[in-house]
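# A closer look at the structure
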Amino acid sequence: MAVTAIALNCTLKSDASADSSTDAMIEVLGKAFGAHDVKIAETIRIAAHNVKPGVTSDEGEGDDWPAIREKILAHDIVILGTPIWMGQISSVAKRVLERLDAFLSETDDAGRMPSYGKVAIAAIVGNEDGAHWSSSQIFQSLNDVGFTIPAVAACYWVGEAMGSTDFKDLRETPEKVTETAKMVASNAAHLAELLKAKPYPG
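Notes on the structure follow. The structure presented is a predicted model; accordingly, all values stated were derived computationally and were not measured.

With that settled, the discussion passes to the side chain of S21. As for its position among the elements, S21 is in helix α1 (residues 21–34). Only 3.3 Å separates the side chain of S21 from the backbone nitrogen of F167, close enough to count as a polar contact. If near-sequence neighbours (up to four positions away) are discounted, S21 is found in contact with V125, D166, F167 and K168.

Running from amino to carboxyl end, helix α3 (residues 91–100) crosses helix α4 (residues 131–144) at an angle of 15°, the nearest separation of the two axes being 10 Å. Taken as axis vectors, α3 and α4 run roughly parallel relative to one another. In the crossing of α3 with α4, the sense of the turn from one axis to the other is left-handed. Taking contact as the criterion, the partners of K94, L97 and L100 in α3 are, on α4, Q137, I138, S141 and L142. Broken down by class, the residue content of the contact of α3 with α4 amounts to four nonpolar, two polar and one charged.

Following both chains from N to C, one finds α1 and helix α5 (residues 175–197) inclined at 60°, their axes separated by 8 Å at the closest point. Here α1 lies oblique to α5, going by the angle between them. In the crossing of α1 with α5, the sense of the turn from one axis to the other is right-handed. Facing M25, V28, L29, A32 and F33 of α1, the residues of α5 in contact are V177, A181, K182, V184, A185, A188 and A189. Taken together, the residues of the contact of α1 with α5 sort by class into 11 nonpolar, no polar and one charged.

What counts, and at which threshold
- Residues numbered from 1 in each chain as written.
- Predicted model: local features only at pLDDT ≥ 70, side-chain atom pairs only at ≥ 80, totals over all residues.
- Heavy atoms only, no water.
- Helix = DSSP H or I, 4+ residues; strand = E, 2+ residues; numbered from the N terminus.
- Polar contact = N/O pair within 3.5 Å; in protein donor to acceptor, adjacent residues only side chain to side chain.
- Contact = heavy atoms within 4.5 Å.
- Axes fitted to C-alpha atoms, helices over the stretch in contact; angles between N-to-C directions.
- Parallel < 35°, antiparallel > 145°, perpendicular 65-115°, else oblique.
- Left-handed = near helix turned anticlockwise from the far one by under 90°.
- Nonpolar A, V, L, I, M, F, W, Y, C, P; charged D, E, K, R; others polar.

Structural data, given as structure tokens:
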């Protein structure tokens, strides 16, 4: 069974044409997924959409989240990409996690949330410490709302503290980042295949 993936870019840049280091990290993962016949079908830049605050799946007129939610649930693997700001995940990433909170009250007869059987990983970039704290925020939240987290589920890069070089500006991807991306992609693809073939019983 073919495994599909979608990426959510939670950069603060709302202009989809603006370069984003988060996009660059997602692209690194995309190349790694290619070795497992998994393609990232789409990268959604959340800040370019009107995702309203709230904890339901539809916050009313003008809310772009329902369509994004539908796309998330149509794929087997979700990549949550975020920059590090002030030592933590971006406010846009927090908005995504808050909207996913709606899954807690959207269970089926077996108690399974819509996200059951979906695998989640993280793509994190920044010019400061905070990658481990960011991944802990992401994974605890996504696990709470039903996503499954594989072993080695985060691919990250942090530059010199208060430095001016961004991940997207690097001439080449650091070897360790490439190695980690391969492991993240391999584990996520493997787990997604298993869950697709044999879903959680609830």
